[in-house]
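Each chain is listed here by its residues.
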Amino acid sequence: MNKTLLASVLLSALFSSTTFAAEELSTENSAYTPSEPLVLEPVVATPENGLSPIEDEVPKFDDTMHYFVGLTGGMADMSFSLVHATSPSDKVSVSSPDESGFAGADIGFYTAGGNGRIYYSYQKMSGESEFENKKIADTDVTLHLLSADYIFLADKAINPFVGAHVGYMIAETTSEKYGSYKQSNPVLGIQAGVAWRISDHFTTEIGARHTASQRKDQNYWSGSKVDPTEIVYPNTQSDLKSITTFYMSANYRF
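Bear in mind that the values here come from a model prediction, so they are computed numbers and not experimental data. (Residues numbered from 1 in each chain as written. Predicted model: local features only at pLDDT ≥ 70, side-chain atom pairs only at ≥ 80, totals over all residues. Heavy atoms only, no water.)

**Digging into the packing of aromatic side chains**
- In this structure the tally under the stated criterion is six aromatic pairs.
- Relative to Y110, the ring of F68 has its centre 4.9 Å away and its plane inclined at 50°; by these criteria the two rings are tilted. Separated by 42 residues along the polypeptide, F68 in strand β1 (residues 66–87) and Y110 in strand β3 (residues 100–110) bring together distant segments of the chain. For the pair shown, F68 and Y110 are each scored as buried.
- Ring geometry for Y252 versus F254: centroids 5.1 Å apart, planes at 80°, classification edge-to-face.
- Taken together through their ring pairs, the aromatic side chains of F68, Y110 and Y119 make up a single cluster.
- A cation over an aromatic ring shows up here: R117 above the ring of F161, its NZ or CZ 4.8 Å from the ring centre.
- The ring of Y247 carries the charged tip of R209 above its face, separated from the ring centre by 4.9 Å. (Phe/Tyr/Trp six-rings, centres within 6.5 Å; stacked < 30°, edge-to-face > 60°. Helix = DSSP H or I, 4+ residues; strand = E, 2+ residues; numbered from the N terminus. Buried < 20%, exposed > 50% of the residue type's maximum accessible area, 1.4 Å probe, protein only. Lys NZ or Arg CZ within 6 Å of the ring centre and 35° of its normal.)

See below:
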């Protein structure tokens with residue numbers, strides 16, 4: 001009887017303790033009820049929190065008019081003919097000058113909006129002509145050009161362009177055997193290339209330019225007397241027909 005009573009008391013106490021613990025755990029869980037849903041918000045970079053925004057690496061585009069100056073250089077290929085004749089059947093035809101280097105300078109302005117530019121170019125180049133693997137003449141050329149370009153993707157860092165130019169050419173050919181001759185006449189041409197804006201002020205570009213002489217006929221060198229109805233021998237004729245250049249430029253924009 002006593003053992004039965006003692007077991008009943010222990011079971012009752014254990015049940016009461018378990019029930020109290022369950023009620024307490026239920027009360028703690030019910031107490032955690034979030035009042036607002038969890039929302040993730042982006043962090044805005046400000047000087048106060050020590051963060052700085054990522055800056056665009058592309059130079060800022062300024063669509064106002066700007067003046068610029070530049071230096072240019074590259075390779076020049078002249079289409080040149082020189083013929084020396086001592087008789088109708090005895091003629092020496094000299095080859096065109098080999099490809100040679102050239103240098104020059106540009107000055108002009110970019111139009112408002114950045115889609116065009118107009119500029120003056122000064123270029124200086126020279127080349128050697130050979131006959132039977134021996135130098136026979138030197139040709140020095142000076143170009144004065146006025147160019148206009150249309151610029152694509154003006155608000156981007158890389159800008160393809162195409163354009164045209166007019167100008168004046170002065171060429172002097174000197175030969176120890178035949179003397180010298182100076183040719184001067186208007187020229188017309190086209191150009192195309194790609195420019196890259198390094199910063200707000202500096203631009204580099206690569207391109208090609210073809211310049212064609214506007215003289216129609218070859219001229220006899222001074223000292224060669226030519227009758228309208230009869231050619232007097234010996235005589236020398238020459239003609240610089242065109243110049244093709246491949247160039248690189250560095251420009252500074254004000």
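**Here's the deal with the confidence of the model for the chain**
- When pLDDT is averaged along the chain, the result is 81, and 72% of the positions lie at 70 or above.
- Element-level mean pLDDT values for the chain span from 50 in helix α1 (residues 2–31) up to 96 in strand β8 (residues 202–213).
- Predicted confidence for residues 18–22 stays below pLDDT 50, and this span has zero contacts to residues more than four positions away or in other chains. (pLDDT = per-residue confidence, 0-100. Contact = heavy atoms within 4.5 Å.)

**Examining a negative patch on the surface**
- On the surface, D77, D98, E99, E128 and E130 cluster together to form a negatively charged patch.
- Within the secondary structure, E99 sits in the loop between β2 (90–94) and β3.
- Under the relative-accessibility criterion, E99 is labelled exposed at 54%. (Patch = residues over 30% accessible without salt bridge, like charges linked within 9 Å, V, L, I, M, F, W, Y side chains within 5 Å. Areas by Shrake-Rupley, 256 points an atom, 1.4 Å probe, with all protein chains shown as cover. Salt bridge = Lys/Arg side-chain N within 4 Å of Asp/Glu carboxyl O. Lys, Arg positive; Asp, Glu negative; His and termini not counted. Charge placed at Lys NZ, Arg CZ, Asp CG, Glu CD.)

**A few points about the nonpolar core**
- Among the nonpolar cores identified, the biggest contains 28 residues, and L82, M125, V141, L143, M169, L240 and I243 are the most heavily contacted of them.
- Put simply, the parts of the chain that give this core at least two residues each are β1, β2, β3, β4 (116–131), β5 (134–151), β6 (158–175), β7 (179–197) and β12 (235–253). (Core = buried A, V, L, I, M, F, W, Y, C linked by side-chain atoms within 4.5 Å.)

**Quick word on the environment of N235**
- Summarising the element assignment, N235 is placed in strand β12.
- N235 gets classed as buried once you look at its relative accessible area, which sits at 2%.
- Distance in space between the C-alpha atoms of N235 and H84 is 5.9 Å, their sequence separation being 151 residues.

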